[in-house]
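As a plain string of letters, each chain reads:
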Amino acid sequence: MTTGWRHKISKKELQLFLFMAGFGLLKQFLVYNLPLMAVPKGIHDDWIMVHLADTLRSGQWLGEYNDLTLTKGMFFPLYLAVCNFFHLSYLNVTALCYTLSCMLFVYGLRPLLKKHWAMGIVYLVLLWNPISYSVQAFQRVYRNSISYIQVLLIFGGFLALYLRRKESMKKQIFWMLAAAAGTVSFFYTREDAVWVMPFLLVFVLVYLGSVFSLWQKTKERSYAGKGILVLVPFLCLWLAGQLIASQNEKYYGIRTANELQDSGFAEM
């Protein structure tokens, strides 16, 4: 049993993981006492995020309806509400999530990077990206603080699926879940998330084309399953939108997830 475990986790694998975890802990220590940048007069940005988080925390959905209620995505207020519910430090949780997203991204690109030293370098470049501890992004109580985490999940998850398209579906499920988490949370955090769509559309076309080509060569049924699996994040995105829209319809009589994207304002 011990021998089998050693075969699964080599010495270099363990060293790489400890290397990443060590620098992640160092980053966590360095940002531990950074102050929050609160902008209470930022009615359209910071203030509305905290206000929506407070109403979610108190079980009132998004609170009273006004011209700001449905103009921003509701995922970041939900993130704040969850941190508050469990009495967790907003900055510490955000820093930890960023470290984990960097690790996930690097492991996702492992078939491309191959060498452990290359993975380590990419990890350090991402981990110490100045925006990940900047005043305007990290320290500010605003959705910018999690956007780069979500982007790493999207690109890391989908690229990992493509690079592992010849492997078993069992090994792809984790990366599909990572891609789904990043896609759903990002699109319902930012109403300007459309800039990710070109990548997603090209990815789906290339992935499905590649899987179809592999199926023609091998006639393995698993490739049909992989073609369906890669569409799951988009199904999750649609289902999440329907859930949010139904809640808004229940509370405000407006069936939309965001008024800037789907409402009379958008039509105008």
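Residues numbered from 1 in each chain as written. Predicted model: local features only at pLDDT ≥ 70, side-chain atom pairs only at ≥ 80, totals over all residues. Heavy atoms only, no water.

1. A short note on the state of the cysteines
Okay, so step 1: Under the definition given, this model contains zero disulfides.
Okay, so step 2: With no disulfide of its own, Cys-102 lies closest to Cys-97 among cysteine sulfurs, the gap being 11 Å.
Okay, so step 3: In this model Cys-236 remains outside any disulfide bridge; the closest cysteine sulfur is found in Cys-97, 19 Å from its own. (Disulfide = S-S within 2.5 Å.)

2. Description of the packing of helix 2 (residues 11-31) against helix 5 (residues 90-108)
Okay, so step 1: At a minimum axis separation of 10 Å, helix 2 and helix 5 run at an interaxial angle of 155°. Here helix 2 is positioned roughly antiparallel relative to helix 5, judged by the angle of their axes. For the element pair helix 2 and helix 5, the recorded crossing hand is right-handed. Side by side, helix 2 and helix 5 meet where Glu-13, Leu-16, Phe-17, Met-20, Gly-24, Lys-27, Gln-28 and Val-31 of the first sit next to Asn-92, Ala-95, Leu-96, Tyr-98, Thr-99, Met-103, Val-106 and Tyr-107 of the second.
Okay, so step 2: In terms of residue class, the contact of helix 2 with helix 5 is built from ten nonpolar, four polar and two charged. (Axes fitted to C-alpha atoms, helices over the stretch in contact; angles between N-to-C directions. Helix = DSSP H or I, 4+ residues; strand = E, 2+ residues; numbered from the N terminus. Parallel < 35°, antiparallel > 145°, perpendicular 65-115°, else oblique. Left-handed = near helix turned anticlockwise from the far one by under 90°. Contact = heavy atoms within 4.5 Å. Nonpolar A, V, L, I, M, F, W, Y, C, P; charged D, E, K, R; others polar.)

3. Topic: the packing of helix 3 (residues 43-57) against helix 4 (residues 75-85)
Okay, so step 1: As a packed pair, helix 3 and helix 4 sit with axes 8 Å apart at the nearest point and diverge in direction by 55°. If you check the angle between helix 3 and helix 4, you find them oblique. For the pair helix 3 and helix 4, the crossing hand works out as right-handed. Residues Met-49, Val-50, Leu-52, Ala-53, Leu-56 and Arg-57 of helix 3 pack against Phe-76, Pro-77, Leu-78, Leu-80, Ala-81, Asn-84 and Phe-85 of helix 4.
Okay, so step 2: Per-class residue counts for the contact of helix 3 with helix 4 are eleven nonpolar, one polar and one charged.

4. Observations concerning a nonpolar patch on the surface
Okay, so step 1: A grouping of Leu-78, Val-82, Phe-85, Phe-86 and Leu-88 is seen on the molecular surface, where their side chains present a nonpolar patch of about 460 Å² in accessible area.
Okay, so step 2: By the secondary structure assignment, Phe-86 is in the loop between helix 4 and helix 5.
Okay, so step 3: Judged by relative accessible area, which is 52%, Phe-86 ranks as exposed. (Patch = residues over 30% accessible without salt bridge, like charges linked within 9 Å, V, L, I, M, F, W, Y side chains within 5 Å. Areas by Shrake-Rupley, 256 points an atom, 1.4 Å probe, with all protein chains shown as cover. Salt bridge = Lys/Arg side-chain N within 4 Å of Asp/Glu carboxyl O. Buried < 20%, exposed > 50% of the residue type's maximum accessible area, 1.4 Å probe, protein only.)

5. Things to note about the side chain of Thr-55
Okay, so step 1: On the secondary structure map, Thr-55 appears in helix 3.
Okay, so step 2: Beyond its immediate sequence surroundings of up to four residues, Thr-55 is in contact with Gln-60, Trp-61, Leu-62 and Gly-63.

6. Things to note about the packing of aromatic side chains
What describes a pair of aromatic rings is the distance from one ring centre to the other and the angle between the planes of the rings.
Okay, so step 1: Within this structure, the stated rule accounts for 18 aromatic pairs.
Okay, so step 2: An angle of 85° between the planes, with centres 6.3 Å apart, marks the rings of Phe-186 and Phe-187 as edge-to-face. An identical accessibility class is assigned to Phe-186 and Phe-187; each is buried.
Okay, so step 3: Aromatic rings pair up to connect Phe-155, Phe-158, Phe-199, Phe-203, Tyr-207 and Phe-234 into one cluster.
Okay, so step 4: For Lys-219, the ring lying beneath its charged end belongs to Trp-215, and the centroid distance is 4.4 Å. (Phe/Tyr/Trp six-rings, centres within 6.5 Å; stacked < 30°, edge-to-face > 60°. Lys NZ or Arg CZ within 6 Å of the ring centre and 35° of its normal.)

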